[in-house]
Amino acid sequence: QVQLVESGGGLVQAGGSLRLSCAASGRTFSRYAMGWFRQAPGKEREFVAAINWSGGNTYYADAVKGRFTISRDNAKNTVYLQMNSLKPEDTAVYYCAADPTMGWVINVFEYKYDYWGQGTQVTVSS
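Residues numbered from 1 in each chain as written. Predicted model: local features only at pLDDT ≥ 70, side-chain atom pairs only at ≥ 80, totals over all residues. Heavy atoms only, no water.

Let us look at the pattern of salt bridges. Applying the stated criterion to the full structure yields 5 salt bridges. Its salt-bridge partner being arginine 38, residue glutamate 46 comes within 2.6 Å of it at the nearest N-O pair. Given the relative accessible area of 5%, arginine 38 is considered buried. Glutamate 110 is the partner of arginine 45 in a salt bridge, and the nearest nitrogen-oxygen pair spans 3.1 Å. Highlighted residues: arginine 45 in the loop between strand S4 (33-39) and strand S5 (46-51) and glutamate 110 in the loop between strand S9 (92-99) and strand S10 (115-116), separated in sequence by 65 residues. Since its relative accessible area comes to 29%, glutamate 110 is described here as partly exposed. Put simply, Arg38, Glu46, Arg67 and Asp90 are held in one network by salt bridges that share partners. (Salt bridge = Lys/Arg side-chain N within 4 Å of Asp/Glu carboxyl O. Buried < 20%, exposed > 50% of the residue type's maximum accessible area, 1.4 Å probe, protein only. Helix = DSSP H or I, 4+ residues; strand = E, 2+ residues; numbered from the N terminus.)

Printed below as a string of structure tokens:
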């Protein structure tokens, strides 16, 4: 069983930055691919970014490409999402997720991820 705990959310003005963290339990974190998803009020949860087990491959949704950066520190069992140039439309609950089955592959689909955090709220004011 893997437990994921997100932190770093908050209220920020448009154009500002936040860094989200997701701490994972367990000794096999370095084998997992990790992803970030978000869900805005009244909308479906959507893919934001993903990273493979080594950190060598990353992938981003078009809406965040060039503004967000996903990274990981396997020694600390933590994955990060650096969010710059934030926009009001980035307002959402952000979730991290772990895919323990094929860590070398980046997945954009929710069903590929077996473990989820509880989410952290990000609110961007205009």
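Inspection of the secondary structure puts asparagine 52 in the loop between S5 and strand S6 (58-60). Under the relative-accessibility criterion, asparagine 52 is labelled buried at 4%. Among the polar contacts listed, one links the side chain of asparagine 52 to the backbone nitrogen of glycine 55, at a separation of 3.1 Å. A polar side-chain atom of asparagine 52 sits 3.0 Å from the main-chain amide nitrogen of asparagine 57. The residues contacting asparagine 52, other than those within four sequence positions of it, are Tyr32, Ala33, Asn57, Arg72, Gly103, Trp104 and Ile106. (Polar contact = N/O pair within 3.5 Å; in protein donor to acceptor, adjacent residues only side chain to side chain. Contact = heavy atoms within 4.5 Å.)

Another aspect to go through is the packing of aromatic side chains. In this description, a pair of aromatic rings is defined by centroid distance and the angle of the planes. Per the stated rule, a full pass over the model turns up 8 aromatic pairs. Ring centres 5.0 Å apart and planes at 55° place the aromatic pair phenylalanine 37 and tryptophan 116 in the tilted group. Placement of the pair is phenylalanine 37 in strand S4 and tryptophan 116 in strand S10, with a sequence separation of 79 residues. Residue class for tryptophan 116 comes out partly exposed when judged on its relative accessible area of 25%. In this structure an aromatic cluster arises from ring pairing among Phe37, Phe47, Tyr59, Tyr113 and Trp116. Taking the ring centre of tyrosine 95 as reference, the NZ or CZ of arginine 45 above it sits at 4.9 Å. Here the basic side chain of lysine 65 rests over the ring of tyrosine 59, its NZ or CZ set 5.9 Å away from the ring centre. (Phe/Tyr/Trp six-rings, centres within 6.5 Å; stacked < 30°, edge-to-face > 60°. Lys NZ or Arg CZ within 6 Å of the ring centre and 35° of its normal.)

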